[in-house]
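Reading the structure
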Amino acid sequence: MKKWTRRAFIGAGVLASGAVVIGIAIRPGNRSSKVAGLIADKGETVMNIWLKISPDNTVTAIIPHAEMGQGVHTTLAMMLADEMDADWSKVKFLEAPADKEYANYILAKGFIAGDKHFPKFLEGTIDGIFLTAVKSMNFQITGGSASVRFTGQQGMRIAGAAAKSMLLQAAAETWKVPVEELKAQNSTITHAASNQTATFAELAPAAAQVKTPSQPRLKTQEEFTIMGTSKPRFDIPAKVDGTAKFGMDVQVPGMKYATIKASPVFGAKVKSVDTTISSSQKGVNKILNLGNAVAVIADGFWQAKTTLDGLPIEFESTENKELSQVDIINGYKKAMDTALAEDELDLHFKKGDALAELESADTLVEAEYELPFLAHATMEPMNCTAWVHEGKCEIWCGSQNPLGVKAAASKLLDIDFDQITVHNQLLGGGFGRRSETDVIEQAVLIAKEVDFPVKLIWSREEDTQHDVYREATLSRMKAGLDKSGNPVAYTHQFIFKHHPPEAADVPYDIPNQLIQYSNPTTYVPWGNWRSVDHSTHGFLTESFIDEMAFAAKKDPFTYRKNLSENNPRFQAVLDLVKEKSGWGSALPANWGRGIAIAQSFGTIVAEVAEVEVSVEGKVKVHRVVCAVDAGFAIHPDGFIAQMESGIIYGLAAAMTGEITIENGAVQQGNFNNYPVTRMDEAPKIETHIINSGNSPGGGGEPSTPVIAPAVTNAIFNATGIRIRQLPISKNDLRESMRQTT
Amino acid sequence: MIKLTINEKEFEVDAPAGMPLLWAIREQCGLTGTKFGCGIAQCGACTVHVDGQPIRSCITPATSVEGKNITTIEGISKDKNTLHVVQQAWIAEQTPQCGYCQSGQIMSAVALLNTNPAPSDEEIDAAMSGNICRCGMYGRIKSAIKRASESLQSSSTPEII
Ligand code: FES
Ligand code: FES
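Figured I'd write up the structure that's included with this text. No experiment lies behind these values; they were computed from the predicted model shown.

Basis of the calculations
- Residues numbered from 1 in each chain as written.
- Chains lettered and ligands numbered in written order.
- Predicted model: local features only at pLDDT ≥ 70, side-chain atom pairs only at ≥ 80, totals over all residues.
- Heavy atoms only, no water.
- Helix = DSSP H or I, 4+ residues; strand = E, 2+ residues; numbered from the N terminus.
- Rg over C-alpha atoms; globule rule 2.2 N^0.38 Å.
- Contact = heavy atoms within 4.5 Å.
- Areas by Shrake-Rupley, 256 points an atom, 1.4 Å probe, with all protein chains shown as cover.
- Lys, Arg positive; Asp, Glu negative; His and termini not counted.
- Charge placed at Lys NZ, Arg CZ, Asp CG, Glu CD.
- Phe/Tyr/Trp six-rings, centres within 6.5 Å; stacked < 30°, edge-to-face > 60°.
- Buried < 20%, exposed > 50% of the residue type's maximum accessible area, 1.4 Å probe, protein only.
- Right-handed = clockwise from strand over helix to strand, strands pointing away.

Looking only at helices and strands, chain B features five helices and five strands. In terms of overall dimensions, chain B is globule-like: its C-alpha atoms have a radius of gyration of 15 Å, near the 15 Å expected for 161 residues. When contacts within chain B are restricted to residue pairs at least 6 apart in sequence, long-range pairs at least 24 apart make up 57% of them. Here chain B has roughly 6000 Å² of accessible surface; of this, 49% comes from carbon and sulfur atoms. Of the charged side chains in chain B, 13 are positive and 16 negative; the average position of the first set lies 5 Å away from that of the second.

Looking now at the packing of aromatic side chains. Throughout the structure, instances matching the rule amount to 17 aromatic pairs over all chains. Considering the side-chain rings of Y332 of chain A and F496 of chain A, the 5.2 Å spacing of their centres and the 90 degrees angle between planes classify their relative orientation as edge-to-face. In this pair, Y332 of chain A sits in helix 8 (residues 325-341) while F496 of chain A sits in the loop between strand 21 (487-495) and strand 22 (512-518), placing the two residues 164 residues apart along the sequence. Each member of the pair Y332 of chain A and F496 of chain A is classed as buried. Note on W23 of chain B and F36 of chain B: the rings are 5.1 Å apart at their centroids and 55 degrees apart in plane angle, and the pair reads as tilted. Of this pair, W23 of chain B sits in helix 1 (residues 21-28) while F36 of chain B sits in the loop between helix 1 and strand 3 (47-50); the two residues are 13 residues apart in sequence, bridging distant segments of the chain. Each member of the pair, W23 of chain B as well as F36 of chain B, is classed as buried. Put simply, the rings of W88, F93 and F234 of chain A touch in pairs and so form one group of aromatic residues.

Of note, D637 of chain A is situated in helix 16 (residues 636-656). Here D637 of chain A falls in the partly exposed class, since its relative accessible area comes to 24%. A C-alpha to C-alpha distance of 14 Å links D637 of chain A and L76 of chain A, two positions 561 residues apart in sequence. The contacts of D637 of chain A, once residues within four sequence positions are left out, are S230 of chain A together with Q94 and R140 of chain B.

On a regular strand, one side chain projects to one face of the sheet and the next to the other, so that they alternate. Summarising burial for strand 18 (residues 420-424) of chain A: four of the five residues are buried, a large majority. Note on the crossover from strand 17 (residues 392-397) of chain A through helix 10 (residues 402-413) of chain A to strand 18 of chain A: the handedness is right-handed.

Dropping the structure here:
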């Protein structure tokens with residue numbers, strides 16, 4: 001069995017070779033000899049699937065998630081080390097191999113079962129069942145803001161606590177002293193009364209023989225010594241000196257470069273292309289017709305790209321070749337009208353009789369919203385290096401889903417799963433895009449045609465035009481208010497429901513609700529885009545509640561707070577953002593303040609944006625104050641960075657983000673026509689954390705859905721113009737357009 | 001074949017007419033710290049210095065910089081054993097997220113501080129707005145530049161590239 005070689009160390013640990021395998025995994029059904037073969041070297045003790053101890057007393061956490069800047073390697077190692085009372089300066093991590101043993105069953109369990117805990121007596125059985133299910137699903141995904149919530153809480157912490165308990169037990173037996181008299185600290189166990197001390201490493205071989213505790217005791221928040229501190233991130237030093245290796249940077253001896261062009265009209269086949277290489281095409285190795293795309297292999301990307309650009313390629317025409325954005329949106333409108341007329345809308349949620357109550361309400365508030373398609377535009381364009389040789393396939397890429405990569409390649413090449421090796425690299429941005437395997441499949445198909453490794457690189461244009469997109473959507477909302485302005489009824493009809501399933505829920509107390517949707521067929525490929533359905537519903541719900549507050553002549557903060565009396569956590573976040581933002585204080589002319597809040601991925605985020613709208617209609621977001629309750633921030637600085645990141649990502653989309661279709665093809669191609677937020681447009685962001693002690697929420701996504709409505713609500717506050725169509729740049733905000741309010 | 005001087009080392013590269021410097025640096029010289037982001041001078045990920053000036057290597061023909069001094073992220077620190085003060089500031093502020101844009105950000109920041117050791121917020125914005133960070137770490141980039149600026153001013157021998 002080949003060792004997994006990608007290691008990162010804080011110190012310069014040297015490992016002896018040839019593994020001794022002792023120990024039992026916490027996980028039922030685990031075969032520890034296989035795991036040890038994958039992760040351990042000689043002299044190391046594998047305490048369980050998530051951790052090993054080396055003779056130099058180093059503790060290594062095995063992390064089953066990809067690093068895309070969220071600091072997951074550091075944060076998860078901290079959770080394990082804290083429970084174990086390990087010496088942080090001697091903690092390292094190893095990214096788990098893309099192996100079925102590391103299929104992320106904890107994550108799947110979290111998704112399938114929600115955050116609910118199982119009755120303890122069932123746990124063994126359930127874990128076994130989930131593990132089997134997840135292995136067969138090839139599920140080792142980094143996404144859904146789930147690493148800390150599921151892997152961290154239910155994997156890393158338990159693994160650390162169990163290992164500590166085993167080490168204590170081993171010490172007690174060796175020294176013949178009661179286990180209660182022992183103390184673990186800094187990777188050492190001490191018995192004060194008899195003045196005996198041993199390192200984890202010294203005790204590890206004996207500890208590994210101890211029966212794994214089924215329910216190790218976890219620390220309380222007050223007992224944390226590592227969690228809740230901002231340890232320097234493992235991944236940062238290599239990211240400032242050019243040594244960090246992303247998928248794009250992989251170099252394999254003998255490798256050549258490829259680039260590709262798929263049909264601009266999604267799904268159309270290649271009709272004709274001349275694949276003979278002319279003498280003028282220097283450095284070109286092969287021109288390949290892949291059926292739905294044409295690829296060129298050459299000595300370098302530039303040669304491949306210029307050759308591809310010069311090739312006359314004809315694509316077959318399809319029924320979509322004249323499709324435009326207007327057609328698509330009209331199609332959605334029609335689909336919604338038809339479904340409504342024929343009573344065929346799908347039900348999202350129903351409570352009371354919203355339709356009847358709307359009729360009799362004192363005030364009716366109504367709005368229609370429209371949101372655009374969005375591309376991911378990760379900083380690192382899509383790429384993948386593949387080498388198909390001797391019945392095997394090696395793949396180098398940055399993936400949120402390395403087991404999915406393996407499965408896709410295995411299926412495509414019709415070779416055994418175990419003959420595929422995935423070398424996962426750092427990700428130059430994921431945002432959901434790198435959970436797909438389309439690029440990997442292309443690279444494998446290309447590599448199959450030659451006997452050397454090939455690095456496939458997409459141009460930025462290919463990346464923008466062959467993404468999987470956040471859906472464009474339409475939404476119709478109505479609310480009925482009583483005399484005092486309180487909502488009695490709420491209806492919402494929207495297009496497209498993906499996940500998470502609760503995204504369209506209204507977080508406010510409204511007695512009668514009817515929320516419905518329709519899923520028309522669509523031709524534009526869909527994909528997970530940071531925060532997924534929350535990215536649309538955060539805007540819809542929080543814009544409309546603002547409209548309701550305005551109709552009720554109430555302050556937007558107070559209105560929200562009064563309608564969430566049954567949710568004290570939510571109210572606490574609102575209170576904090578109010579206090580920190582100086583809500584209600586005076587602002588300069590043409591400035592406005594807007595508030596929005598959403599709960600997603602187990603985390604509640606509220607944001608207040610301060611916005612200036614010039615007389616020419618130019619919008620500048622000056623300041624964003626963010627308050628967040630994610631239960632407990634394991635790594636506060638990393639968590640703050642994720643809030644900042646999510647805000648800027650959502651802001652880029654809100655301000656100018658829009659993918660449009662014309663003649664069946666995406667019109668945008670690069671940052672010149674799919675502009676994103678730059679430094680001079682970036683607001684000052686202040687983040688304030690509440691450690692409420694609730695079960696931990698995610699960090700990578702929850703700040704994204706909130707920023708668009710915070711900004712558009714601020715624009716309304718500044719100008720009286722309500723933005724119902726994103727991006728904001730589509731709206732005319734010049735002074736002459738404003739009504740006096 | 002042309003000769004390029006990168007980080008004070010000579011490289012022989014095979015650069016067909018029009019081939020951007022970026023690809024020579026990455027593919028032929030094996031210096032992968034300089035990144036490809038857009039290819040049309042929109043994102044700044046490919047920023048390197050040519051005779052001290054920041055340029056976008058994705059649109060600069062390799063043949064046009066023969067005989068000039070090219071510096072990439074790998075050579076930004078004069079001393080192999082210590083990081084450049086800007087790199088140190090980047091670590092102190094825990095600036096990178098995914099990190100993909102950061103070589104380019106650092107190259108732009110070093111160029112800015114070389115000509116203007118104490119830039120104002122607006123000057124930082126102006127010099128850095130050609131560098132996109134999709135992870136949105138602009139606040140941290142700005143703080144790191146200010147931190148580097150402070151240490152440049154407090155040290156008696158500021159590092160000039
Ligand atoms: S790759 Fe050169 S500016 Fe984007
Ligand atoms: S750190 Fe990811 S793009 Fe800047």
